[in-house]
Amino acid sequence: MLYAQGPSKWPEVPEWWSYSLLREVEACPRQWALWNAIYPRIWTAHGYPKRPYIASLQGRVIHASVNEIIRFLRRCNCQSSTDPQIPSLLKEIGGYSSVIRRNILREREYFENNPRSVDYTEHVFNTLKNRVHEIREQVQTLITRVAFLGGNTMPWTGAEHTGLGTTALGIDSYSEVFIQYPEKRLRGITDLIVASASNCELIDLKTGLSHDWHVEQLWFYNLLWNYDRKVNPFKKEVSRMALYYQHGIVDIQVPTPVELAEFESRVLQRITLATAGLRQCLPYAKIDYKLCKYCGVRHLCDEYWRSWLQQKIDQPTNIMHDFELLIVEPRGSLSCKCEVIASNVLHDGTSVLLRLPRNIGEIERGQTIRVLDIFMSQSTEDSSTPILQAGVQSEFFAVD
Ligand code: SF4
């Protein structure tokens, strides 16, 4: 059982901001700070250990595989994603499935010494391996959407590369391009830039559902591209922006220079506010019942466990809940009587029977624990005592 204790050192306020960082800090400064702080009592790695989630890992594997394959096909001077030679070219790197399996293994590396995932890693990655066929179809769909793959880079018409370094982009397609706006300390990695003599396209590949913020993210990349004098020394303007999903392509209106300037000023204001939230001696906890319920570090956030907040979380009783519990009487290694300290479905002081699916380590009388994602049912022997039935997805943390 890990400890639900705050960090020994909070992270520094970021000097550079990406779009995803801004969204994370805006959602809740405390959450970002908890994820990125130092926990020597738990492990030596940076940040709080994450749990493996199949859906997000699948998205990361698809993303990494698509980018790897596009980069490889570009090196092969393969001009089109519908080129019939693609399957034979890909044999050199083992084909689609090998690329996907390699990326699954890369994702797994993070979880090898991760103390939070010991009980889940095997199950999650076996599930992922069984989905290689499905992932392959998703990878192929996204690659087919990228019509032009590139190769044979040409400089922009009339432009001299001499003296500008090797980072300047020419006429070609580029995957995972790092771009930045140094004067404002903004940066990001855009999935794809497709440049022809007359056009410059910014494309982002999306593996999940569409969200409004995807559009704003492309505007952010447009801003970076406009001011990055290393990759875009000739000040080429973006002529097309698009989001490529599994379900289709969504073209986004390219902002005018005035709209982009207004957007920049809004982004900078938002960064000022986000920075203020992080600079507080305890980073600001932005309580939002819907977000908090799914927050991966909520067991570390004392605000989340306040009784008044728990009572505001309105959820049906037949789903998983979180509880802060006082151990009253351990009964072997797989069950114990407890008293509720905080919960959104039971009053403080309610007696419950906690049933565990596995040995979670020593449990002592008088100890306080936080339990995430557990089902509640009524005891058959004594209908007044609710039973908290832990499943494979449940997590347990010792508060003291
Ligand atoms: S539980 Fe809520 S308030 Fe606390 S860190 Fe998570 S999102 Fe922020």
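Residues numbered from 1 in each chain as written. Predicted model: local features only at pLDDT ≥ 70, side-chain atom pairs only at ≥ 80, totals over all residues.

Engineer: Before we move on, could you go through the packing of helix 8 (residues 213-227) against helix 9 (residues 257-279) and cite the residues and values that matter?
Structural biologist: Between helix 8 and helix 9, the shortest axis-to-axis distance is 10 Å and the interhelical angle comes to 105°. In terms of orientation, helix 8 and helix 9 fall into the roughly perpendicular class. Residue-level inspection shows Trp219, Phe220, Asn222, Leu223 and Asn226 of helix 8 in contact with helix 9, the latter providing Leu260, Phe263, Glu264 and Val267. Taken together, the residues that form the contact of helix 8 with helix 9 break down as six nonpolar, two polar and one charged. (Axes fitted to C-alpha atoms, helices over the stretch in contact; angles between N-to-C directions. Helix = DSSP H or I, 4+ residues; strand = E, 2+ residues; numbered from the N terminus. Parallel < 35°, antiparallel > 145°, perpendicular 65-115°, else oblique. Contact = placed C-beta atoms within 7 Å. Nonpolar A, V, L, I, M, F, W, Y, C, P; charged D, E, K, R; others polar.)

Engineer: How would you sum up the sheet that holds strand 4 (residues 200-205)? Please name residues and give values.
Structural biologist: The five strands lie next to each other as 2-3-4-5-6, forming an open sheet whose pairing is mixed. Looking at the sheet topology across the chains shown, the edges are occupied by strand 2 (172-181) and strand 6 (248-252). Ignoring which end each strand starts from, the neighbouring axes of this sheet average 35° apart. Pairing of strand 5 (residues 240-245) with strand 6 involves five bridges; the strand directions are antiparallel. Each bridged residue has a counterpart across the sheet, and for Tyr244 the counterpart in strand 6 is Ile249. (Pairing = 2+ DSSP bridges.)

Engineer: Lay out the domain arrangement of the protein with the relevant residues and their values.
Structural biologist: Much of the literature gives interface size as the accessible area that the parts lose upon coming together. For the protein, the domain assignment lists domain 1 (49-150) and domain 2 (306-398). One C-alpha centre belongs to domain 1, the other to domain 2, and the line joining them spans 39 Å. (Domains from an automatic or database assignment.)

Engineer: Describe the site of the ligand, naming the residues involved and giving the relevant values.
Structural biologist: Every one of the 15 residues lining the ligand counts as a neighbour, but Cys28, Cys292, Cys295, Cys301 and Tyr304 are closest to it. At the level of secondary structure, the elements contributing two or more residues to the shell around the ligand comprise helix 2 (29-36) and helix 10 (289-293). Of all the elements, helix 2 adds the most residues to the shell around the ligand, at three residues. (Near = placed C-beta within 6 Å.)

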